[in-house]
Each structure stands twice: as structure tokens, then as C-alpha cells.
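The chain contents come next:
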Amino acid sequence: MDESSAPKPIRCRAAVCRAGGEPLQIEEVVVAPPKAYEVRIKIICTSLCHSDVTIWSIKDPAGFPKIFGHEAVGVVESVGEHVEEVSVGDMVLPFCLAHCGDCVDCRSVRSNVCTGVPLGLLDGVMPRDGTSRFTDASGAPVQHFLNVSSFSEYTVVDVTRVVKVAAAMPPEKACLLSCGVSTGVGAAWKAAAVEPKSTVAVFGLGSVGLAVAEGARLQGAGRIIGVDLNPDKFEIGKKFGITDFVNPKDIGERSVSEVIKEMTGGGADYCFECIGLASLMQDAFQSCRPGWGKTIILGLEMHLSPMSISTLEILQGKSIIGSLLGGIKPKTDIPILMNRYLNKELHLDEFITHEVGFHDINKAFELLMAGKSLRCIIWMDR
């Protein structure tokens, strides 16, 4: 590529977080050109995930300034050397997880955590060379987040972390598949492989929990029990397959696990923890059936606390696993989910409860932390 046609640095707006827990500031940043195996993307719209809020709330000076955001859709603006699978003008989804297709993990059905490219989820830099593509007005580097940083009009992502979007997909619906919905649906489909007519319990009915219910519905689960402190979530959950509801505030002195064991005749076949609380992870594990019950942890523990479980219950045949992105392999599984949406099998529209312009991005934080939104779409051009 000669110098005249090589991509140049771009000045654009980004919502920069200068310190943990503080409102984001719309600033001008410079986004460097993509290097080898990298793609620079113009973001169309993005949304806020609980993982953004969890890390945003940590008062760690070493982690800032940072550009958050990892659930988004955009258009390829330029590409670096050795990029062949996407071209300028393609609409793409960025992902926190890589999928190189060549490493032992990508070739195996047992893992979706690519080892061909560094994982680097919280490193704050590009995974291949350990540097940032963002600088602020003073020329100081700004950290990346979860390999995406979509709270910027332009961002740079490794090519192993982008998937082309089907032409018929509305961008705001495609955006949801970049993280939250794929994590939940994938957890039921890929990580747990929920069996038809089985019993499922979902702890926490936010976007990921409701997506787990949607995935369990698609898998043919016979009973899907939602657990949440918000009584309104039962009616919302019915749209995604929730058949029963347990509110911990309404069960008196009994524990949630006692109630679920009573409802299911011994425990649920599959339990999913979707909040990120060690105590809830233990509740989920205690609620699954001895012999074959499986508990799947999807939430990053919001206090970064460890959890403890009884070895006696493990010895009775219960199992517990964690899952990043629900076990989804982006380049092969996301096209399947797009097709299921276009074929009117997968529900996506119902997850979008609010939409705001980029200048109102802090409103999205307020709505999510108040429990008022599932997914708030943030449009970059509004």
C-alpha cells in the first residue's frame, strides 16, 4: 500500500472515562490507522452492558482514562495489511473474543476461547503489539476496553474479532448479538446444551438472563423458572419463554434453592447465574439437581469476590462451569443467530427498551443501574 492511499489518523468524538465511577466526557480523540490484521470501524450504534458498568465502577487509577463499550455494530472504514475477510464498506460486529479459526481451541468444539491471539480482555491495549490506537487532545494514550471500545465514533479492532453482518439485518438488532444476547442464548445452546423438556432456572432477568430464557425456549426446555427481585420481570420474561417466577422477597424464611427444589422435585436440570454475585452463584448451584444438575456462571462477580461450594454436592454429580460469550464462536455461530432472527425464530426486538443519542450516553448508565432498561441503543449520529 503506497503512502498516498494508506489510512490516516482520524479525529473524532469519544466518550472518555477519566476516573472510575465518574460520568463519561465527550472529548476529541485521535484514532490511529489500523496496523496489520486490524480493522478500523465507524460505529453506527452501540449499547451498554453490565460488564461496562462493573469495570467503570472500580476506583483504580491505573485503569483510566479508558473508552468503554463492547456491544456495537459499524462499517469498516479502513483495513491494515493481511486483512482479507472484510473490506471497506462492510457492516460488521466487533467482539471481545477472538476467533482465529486456526488454533487448537478454535478447531475444538470444547472451547471458544481462542489462543491464537492474546485474550487481553482488560489489558487496555491492542492484543498483538500491546499499544493503544487512541490518544487524547494532549497526545496521551487512552486505554481500550474488552478489545472493542465502541463508545467512540471510530475504533480499531483485530480482524479475528469482527464478523460480517447479513445485509437484511437492521443495525440496532445486529448490535445486540455483539455481546449480551449472544452470551445468554449461547449459554443455553452451546455451553449447557439444554435438552428438550428439561427444567431450567435463570437467576437474574436482565438482558443476559432473558436471553438465556430465550435460548432455553429455542432448545425446547419444558419449564423455565425466572428468579428476580423485580416482580415486573415475570410479565417481561414470558415474552422470552419464562413459565414460572420466584421472587426471593415473597418466599418468607425459605431459601430460593428450597423453593426451586420443591417446584422441580429435587432441583433444576440447568441453573444459570446472570448477575455476578458470589452469593447468587452459590444459590444457583444449590438449586440444581443432584446426579446431573449443571450450573453455568455468566456474570462477572461485581465485587471480584471468590465463591465457595460444597465438595459434597460436587461428589453427588453436580457440576459448575463458567462461560465467556456463552460458548459462542463468533465467526461460525453469529451468522446462525442472524439467520434465526431473520427467520423469525429468535426474538431480538423486545430487548431494546430505550434509544438515546451519543451526547446522552450517561443516560444509558442511569437507566441500566436503576433497572429501568434491558438494552439502550446509543446512536452515534444523533
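Residues numbered from 1 in each chain as written. Predicted model: local features only at pLDDT ≥ 70, side-chain atom pairs only at ≥ 80, totals over all residues. Heavy atoms only, no water.

*Asks:* If you had to explain the overall build of the protein to someone new, which residues and values would you point to?
*Replies:* Helix and strand counts for the protein stand at 11 helices and 18 strands. Computed over C-alpha atoms, the radius of gyration of the protein comes to 21 Å, within 12% of the 21 Å expected from 2.2 N^0.38 for 382 residues, which places it in the range of a compact globule. Oriented by its inertia axes, the alpha-carbon framework of the protein measures out at about 70 × 40 × 40 Å. Within the protein, contacts between residues separated by at least 24 positions form 71% of all contacts whose residues are at least 6 apart in sequence. For the protein, the accessible area works out to roughly 15800 Å², and carbon and sulfur atoms hold 53% of it. Across the protein, the centroid of the 37 positively charged side chains sits 3 Å from that of the 45 negatively charged ones. (Helix = DSSP H or I, 4+ residues; strand = E, 2+ residues; numbered from the N terminus. Rg over C-alpha atoms; globule rule 2.2 N^0.38 Å. Contact = heavy atoms within 4.5 Å. Areas by Shrake-Rupley, 256 points an atom, 1.4 Å probe, with all protein chains shown as cover. Lys, Arg positive; Asp, Glu negative; His and termini not counted. Charge placed at Lys NZ, Arg CZ, Asp CG, Glu CD.)

*Asks:* Break down the pairing of strand S11 (residues 199–203) for me, with residues and values.
*Replies:* Within S11, five of the five residues are buried, which leaves it mostly tucked inside the rest of the structure. With burial as the criterion, each face of S11 is covered, one bearing Thr199, Ala201 and Phe203 and the other bearing Val200 and Val202. Note: S11 against strand S12 (residues 223–227), five bridges, orientation parallel. In the sheet register, valine 200 faces S12, and the bridge partner there is isoleucine 224. (Buried < 20%, exposed > 50% of the residue type's maximum accessible area, 1.4 Å probe, protein only. Pairing = 2+ DSSP bridges.)

*Asks:* Outline the pairing of strand S6 (residues 91–94), supporting the account with residue identities and numerical values.
*Replies:* Side chains Met91 and Leu93 project from S6 onto one buried face, and the interleaved Val92 and Pro94 project onto a second face that is buried too. Here two bridges tie strand S5 (residues 71–79) to S6, and the two strands are oriented antiparallel to one another. Along S6, the bridge assignment pairs valine 75 with methionine 91. In terms of strand pairing, S6 meets strand S10 (residues 162–164) through three bridges, oriented antiparallel. Looking across to S10, one finds that proline 94 is bridged to valine 162.

*Asks:* Before we move on, could you go through the nonpolar core and cite the residues and values that matter?
*Replies:* Phe151, Leu177, Val200 and Phe272 are the most contacted members of the largest nonpolar core, which has 98 residues in total. No fewer than three residues from each of domain 1 (10–178 + 347–379) and domain 2 (181–327) sit in this core. Discounting residues that sit within four places of it in the chain, leucine 177 has contacts with Leu93, Phe95, Met169, Ser182, Ile334, Leu337, Met338, Leu346 and Leu348. The next biggest cluster of nonpolar side chains, apart from the first, holds 15 residues, and it includes Val246, Val259, Ala268 and Leu280. (Core = buried A, V, L, I, M, F, W, Y, C linked by side-chain atoms within 4.5 Å. Domains from an automatic or database assignment.)

*Asks:* Which residues make up the packing of aromatic side chains, and what values do they have?
*Replies:* Scanning all chains against the criterion turns up six aromatic pairs. With a centroid separation of 4.7 Å and an interplanar angle of 65°, the aromatic rings of phenylalanine 68 and phenylalanine 145 are classed as edge-to-face. Taken as a pair, phenylalanine 68 in the loop between strand S4 (66–67) and S5 and phenylalanine 145 in the loop between strand S8 (141–142) and strand S9 (154–158) lie far apart in primary sequence, 77 residues in all. Relative accessible area serves as the criterion here: at 1%, phenylalanine 145 is assigned to the buried category. Taking 5.4 Å as the distance between ring centres and 15° as the angle between the ring planes, the aromatic pair formed by phenylalanine 234 and phenylalanine 245 counts as stacked. (Phe/Tyr/Trp six-rings, centres within 6.5 Å; stacked < 30°, edge-to-face > 60°.)

*Asks:* Give me the side chain of threonine 295: which residues, what numbers.
*Replies:* Within the element layout of this structure, threonine 295 appears in strand S15 (residues 294–297). In contact with threonine 295, not counting residues within four places along its chain, are Cys271, Ala284, Phe285, Cys288, Ser319, Ile320 and Ile321.

*Asks:* Would you mind going over the UniProt feature "domain: Alcohol dehydrogenase-like N-terminal" (unreviewed entry) in the protein in detail, with residue names and values included?
*Replies:* The feature "domain: Alcohol dehydrogenase-like N-terminal" (unreviewed entry), as given by UniProt, occupies residues 37–165 in the numbering adopted here. Within residues 37–165, the helical portion is 9% and the strand portion 29%, while the C-alpha atoms at the span's ends are 19 Å from each other. (UniProt positions renumbered as here; feature names shortened; annotations may be inferred.)

*Asks:* Any details on the sheet that holds strand S14 (residues 270–273)? Residues and values, ideally.
*Replies:* Read from one edge of the open sheet, six strands run S13-S12-S11-S14-S15-S16, paired in parallel fashion. Two strands close off the open sheet at either side, each with one partner strand: strand S13 (244–246) and strand S16 (319–322). Neighbour-to-neighbour, the strand axes of the sheet open up by a mean angle of 20°, direction not taken into account. Bridge analysis of S15 against S16 gives four bridges, and the strand direction is parallel. When the sheet's bridge partners are listed, isoleucine 297 is paired in S16 with glycine 322. (Axes fitted to C-alpha atoms, helices over the stretch in contact; angles between N-to-C directions.)

*Asks:* Can you tell me about empty space enclosed by the protein, naming the residues and giving the values?
*Replies:* According to the stated counting rule, one finds one cavity of 30 Å³ or more in the structure shown. By volume, the largest cavity is sized at about 30 Å³. Taken together, Ala98, His99, Asp105, Cys106, Ser111, Asn112, Val113, Cys114, Lys329 and Pro330 make up the lining of the largest cavity. Its residues placed into classes, the lining of the largest cavity shows five nonpolar, three polar and two charged. (1 Å grid on protein atoms, 1.4 Å probe; cavity = no way out; pocket = protein on both sides within 12 Å on 5 of 7 lines; lining within 4 Å. Points joined across faces, edges and corners; volume = space filled by probe spheres on them. Nonpolar A, V, L, I, M, F, W, Y, C, P; charged D, E, K, R; others polar.)

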